[in-house]
Amino acid sequence: MHSSGSLWPETPSPSTESLAEGITLLRGFCANEAFALLDSIHAVAEISPFRQMIVPSGHTMSVAMTNTGDLGWTTDRTGYRYTTLDPTSGQPWPPMPAPLLTLAQNAAIASGFAGFTPNACLINRYAVGARLSLHQDRNEQDYTHPIVSVSLGLPATFLLGTLRRTDTPRRIRIEHGDILVWGGPARLIYHGVAPIRPGIHPLTGPFRINLTFRRVAL
Ligand code: MD3
Ligand code: FE
């Protein structure tokens, strides 16, 4: 019989994988609670619907977005920012549902970031063909906090770059239920998502949903 992990405290649990310094992949971490998570997401979207935002260049994003939490990420012709109100509804973004907050905190703990308290969650919805070009996340002001990203529905290929925009990114296959935690030296890397390939997922149909939990400085 093989020994348990308790003899080897430094060894992560079997589904925990380090992709680089500061990047932890938790494969299938939330697969068994996906239905409840999607229920929470649908409740948020009933108050603040998914919308395709306009970036400063004037282009419309292929990804549809909404937010939950005290602050939400938005973009329009004038720039990117976090707001306390949903510009579409004029009302506060819906409060973060407990199942989402608890999941983000548990994933952070499993990745060595105990104490992470997100106050923003950007929800991205990808239809087939939607993509996110290589970028950094720099609107949060304080980069000491990690970002926890949760993937549901159709699979995706993550583009995992470096701190230099021009380096060729690694391609990482991410599936339903996978969680990635990005902190420390990985917090400001360039990253993106390749165009989603056609498919139908039993829980999300023709979509991929990604949640990114963040701690934004007020
Ligand atoms: C690495 N979302 O919302 S999640 C984003 O799958 C975003 O929807 C992608 O990039 C998506 O900004 C990728 C993975 C991710 C998210 C944030 C990061 C990786 C990150 C922030 C810093 C470094
Ligand atoms: Fe990003």
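Before reading on, note that the structure itself is shown above.
For the structure given in this document, a descriptive report is provided here.

About the cut-offs
- Residues numbered from 1 in each chain as written.
- Chains lettered and ligands numbered in written order.
- Predicted model: local features only at pLDDT ≥ 70, side-chain atom pairs only at ≥ 80, totals over all residues.
- Heavy atoms only, no water.
- Near = heavy atom within 4 Å.
- Polar contact = N/O pair within 3.5 Å; in protein donor to acceptor, adjacent residues only side chain to side chain.
- Helix = DSSP H or I, 4+ residues; strand = E, 2+ residues; numbered from the N terminus.
- Nonpolar A, V, L, I, M, F, W, Y, C, P; charged D, E, K, R; others polar.
- Donors = N, O, S within 2.8 Å, 3.2 Å for Na, K, Ca; no water.
- Buried < 20%, exposed > 50% of the residue type's maximum accessible area, 1.4 Å probe, protein only.
- Pairing = 2+ DSSP bridges.
- Axes fitted to C-alpha atoms, helices over the stretch in contact; angles between N-to-C directions.
- Contact = heavy atoms within 4.5 Å.
- Phe/Tyr/Trp six-rings, centres within 6.5 Å; stacked < 30°, edge-to-face > 60°.
- Lys NZ or Arg CZ within 6 Å of the ring centre and 35° of its normal.

Attention now goes to the site of ligand 1. The local shell around ligand 1 holds 19 residues, among which Y126, W182, R187, H191 and R208 are the closest. In this structure, an oxygen atom belonging to ligand 1 sits 3.0 Å away from a side-chain N or O atom of N124. Contributions of two or more residues to the shell around ligand 1 are made by β6 (120-127), β7 (132-135), β8 (147-153), β12 (191-193) and β13 (207-214). No other element matches the four residues that β13 contributes to the shell around ligand 1. Tallied by class, residues from the shell around ligand 1 come to nine nonpolar, six polar and four charged.

Working reference: metal with six octahedral donors, ideal angles 90 or 180 degrees; metal with four tetrahedral donors, ideal angle 109.5 degrees. In the first shell of the iron ion (ligand 2), the protein supplies H135 (NE2), D137 (OD) and H191 (NE2), at 2.0 to 2.2 Å from the metal. Positions of the donor residues of the iron ion (ligand 2), expressed as sequence spacing, correspond to H-x1-D-x53-H. With D137 in the loop between β7 and β8 and H191 in strand β12, the pair connects residues that are 54 residues apart, well separated along the chain. For the pair shown, D137 and H191 are each scored as buried.

With that settled, consider the sheet that holds strand β10 (residues 170-174). Read across the sheet, four strands follow the order β7-β12-β9-β10 without closing on themselves; strand pairing throughout is antiparallel. Both outer strands of the open sheet, β7 and β10, are each paired with one neighbouring strand and no more. In this sheet, neighbouring strand axes are inclined to one another by 20 degrees on average, regardless of whether the strands run parallel or antiparallel. Two strands pair when backbone bridges link them, and strand β9 (residues 156-160) and β12 are joined in this way by three bridges, in the antiparallel orientation. Bridging across to β12, L159 finds its partner in G192.

We note that Q141 has phi near 75 degrees; this positive angle belongs to a residue other than glycine. Residue placement: Q141 occurs in the loop between β7 and β8.

Strand order in this open sheet of seven strands is β1-β2-β11-β8-β13-β6-β3, and the pairing throughout is antiparallel. Of all the strands in the sheet, just β1 (16-20) and β3 (64-69) have a single pairing partner and so form its edges. Along the sheet, successive strands turn relative to each other by an average axial angle of 20 degrees, direction set aside. By the bridge criterion, eight bridges tie β6 to β13 in an arrangement that is antiparallel. Residue pairing in the sheet places C121 in a bridge with F213 of β13. Packed onto the sheet, helix α1 (residues 34-47) meets β3, β6, β8 and β13 and runs at close to 100 degrees relative to β8.

A complete count under the given rule lists two aromatic pairs for this structure. Look at W73 and Y80: their rings are 5.6 Å apart centre to centre, the planes differ by 20 degrees, and that puts the pair in the stacked class. For the pair F158 and W182, a centre-to-centre distance of 6.2 Å together with 55 degrees between the ring planes defines the contact as tilted. Note that F158 is positioned in strand β9 and W182 in strand β11 (residues 179-182), a separation of 24 residues in sequence. Above the ring of Y126, the side-chain terminus of R208 is found at 5.0 Å from the ring centroid.

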